[in-house]
Amino acid sequence: MTSMSTSPYSPTVNEVFFQPLEQAIARASSLWPCPEFPDDEWIRMGVQRVLEASESGRGFLQEHGLRFQNSPLYTTYFASLRSPRRCDLAREVNWALITAVEARVCDRLVDIPELAKYECFAADGHWHKAATHDPRHEGSKMAVGHFYSLNLRTHTLRHLAAGEGLHEHDMSALKRIKPKGLRQYVRQGTRVLIIYDKAGIDFAYWKRCRQECAVYFISRVKENMVFEWVEDCCWDKSDARNHGVIIDCKVRSRDGHLLRLIMYQDPLTGKVYEFLTNELDLPPGVIAELYRRRWEAEKVFDELKNKLGQKKAWGTTLVAKEAQAQMIAITHNLLLGYEQDLEQRHDLTNTAEDERRSQRTESAEQACAKIRWPLSSLVLQARRATQRSVKFIRWLRHAIRDRLAESAAVARLKALYAVL
């Protein structure tokens, strides 16, 4: 009698990728029994729609619906997007997922010890096309706005609010979110820094945020702003992180708000930037670097539009639009967590992209050395990728569609990452 050899079971990419999501859904308090279209299937289908870059709901169901155990009717699917309860569920699931992902990903600000008692978020508005059946205003459809927050420490993404009205201004949305909302459940005793562009300047509002919730802001000086000089701040010019800083001083606005103004000159371009903040303790070079990293949120928005194809609203109601935004944030956080998970378990890194990023940094350092103007050491620090690569997203789509075993699929991804 011969014994049969059994090979160890290898989970599929599908199973591993969606596991954190399934755990977050299982703990959600907003779950409700819906035999016709279960909540867990609804969220999973939303993530799949983002991954497949399907603008049309009908097109997504026709092309991919048969892959799902409980593929809904068109009417059921579109009705589910308009459900406030399901939208609340998606929001709850994303918060739970963020907690799980942040426990696994690396800290991108760990090398700046002064930020140990801060959480730093790059917040901004993001706009895309209206839904197919959205009404017209004066003959044109208005773009759909959303306000997101990217944690600069972990790169997890939160949806803060959907734009209301024809084209809501950023400050109107920030005031709706309120200081407590901008704190984003950060634990007590930790300061929150919100990095926003010029559209987010309202000194009275940020004073309220600081006083009520220890939420501070960093932004840029608007044209035609006038300030009264109060005093110069002491800062360490020998600190390599402060290279490029020209001025660090306290100023007072016309309305009497005490602020800090930092002037920084980029050694590569010679351009001078003026930053405003109500945070008075951090080194000026750190303030300049945090604003520079605000660009990482723009890179994430580029990933959402151009790599995940999220260029158009899924539905006409405000609830449907927010549900889509929550699905987008959930997908981003799943991609972020899974990429880091693969790196830790399989020593899997995008070698080609890491090499290109290192070359860009070395070129900048050499250019500054030629003009004898040192670059801030914070700019020279080793960086992690801001976006998920097209290679990774295409690989994941294929692996999920075909339910590939992770062990076999990882070997393919390693081969892709080795190609320049």
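The residue numbering used here restarts from 1 in each chain and proceeds along that chain's sequence as written. Local features in this predicted model are restricted to residues of pLDDT 70 or higher, and side-chain atom pairs are both shown and tallied only at a pLDDT of 80 or more, whereas totals for entire chains, interfaces and linings draw on every residue. The side-chain quantities take in all heavy atoms of the structure and omit both hydrogens and water.

Asks: Tell me about the overall build of the protein chain, and please be specific about residues and values.
Replies: Each helix and strand counted, the protein chain has 14 helices and nine strands in total. C-alpha extents for the protein chain along the principal axes are approximately 85 × 60 × 45 Å. Classification of residues uses two cut-offs on accessible area relative to the type maximum, computed with a 1.4 Å probe and protein chains only: under 20% is buried, over 50% is exposed, and between them is partly exposed. Across the 420 residues that make up the protein chain, the buried fraction comes to 53%. For the protein chain, the proportion of contacts with a sequence separation of at least 24, taken over those separated by at least 6, is 69%. Values of accessible area rely on a 1.4 Å probe in the Shrake-Rupley scheme; residue burial ignores everything except the protein chains shown. When the accessible area of the protein chain is evaluated, it comes to approximately 20200 Å², of which 51% is carbon and sulfur surface. Under the scheme used here, helices are H or I runs from DSSP no shorter than 4 residues and strands are E runs no shorter than 2 residues, and both carry numbers assigned from the N terminus. We call two residues in contact whenever any of their non-hydrogen atoms come within 4.5 Å of each other.

Asks: I'd love a proper account of helix H4 (residues 74-81), names of residues and values included.
Replies: It helps to recall that an α-helix has 3.6 residues per turn; residues three or four apart then point in one direction. Looking at H4, one finds that the buried residues are Thr76, Tyr77, Ser80 and Leu81. Along the axis of H4, the buried positions cluster into a sector of 135°, meaning they face one direction only. Structurally, H4 contributes buried residues whose contacts are with helix H2 (39-51), helix H3 (57-64), helix H5 (84-102) and helix H10 (318-346). The directions from the helix axis to the C-beta atoms form the arc being described.

Asks: Account for the environment of Asp134, naming residues and giving values.
Replies: Mapped onto the elements, Asp134 comes out in the loop between strand S1 (118-128) and strand S2 (144-151). Expressed as a C-alpha distance, the spacing of Asp134 and Ala323, which sit 189 residues apart in the sequence, is 16 Å. Whenever two N or O atoms come within 3.5 Å, that pair is a polar contact, provided that in protein one can donate a hydrogen and the other can accept it, and provided that, for residues adjacent in sequence, both atoms are side-chain atoms. Separated by 2.9 Å, the side chain of Asp134 and the backbone nitrogen of Ala131 make a polar contact. Within the structure, the side chain of Asp134 is placed 2.8 Å from the side chain of Lys321, a separation counted as a polar contact.

Asks: Talk me through the packing of aromatic side chains; I want residue IDs and the actual numbers.
Replies: We describe a pair of aromatic rings using the distance from one ring centre to the other and the angle between the two ring planes. Pairing of aromatic rings covers Phe, Tyr and Trp, the last through its six-membered ring, and needs centres within 6.5 Å; plane angles under 30 degrees mean stacked, over 60 mean edge-to-face, and all others mean tilted. Enumeration according to the criterion identifies 16 aromatic pairs in this entry. Centroid distance Trp206 to Phe217: 5.4 Å. Interplanar angle 20°. Geometry classified as stacked. Placement of Trp206 in helix H7 (residues 203-213) and of Phe217 in strand S5 (residues 215-220) is noted, with a sequence separation of 11 residues between them. There is no split in this pair, since Trp206 and Phe217 are both buried. What links up through ring pairs into an aromatic cluster is the set Phe17, Phe18, Tyr338, Phe392 and Trp395. For a Lys NZ or an Arg CZ to count as sitting over a ring, it must be within 6 Å of the ring centre and within 35 degrees of the ring normal. The ring of Phe18 has Arg44 lying over it, and the distance from NZ or CZ to the ring centre is 4.1 Å. The ring of Trp314 has Arg49 lying over it, and the distance from NZ or CZ to the ring centre is 4.1 Å.

Don't take any of this as a statement about function, it's just geometry.
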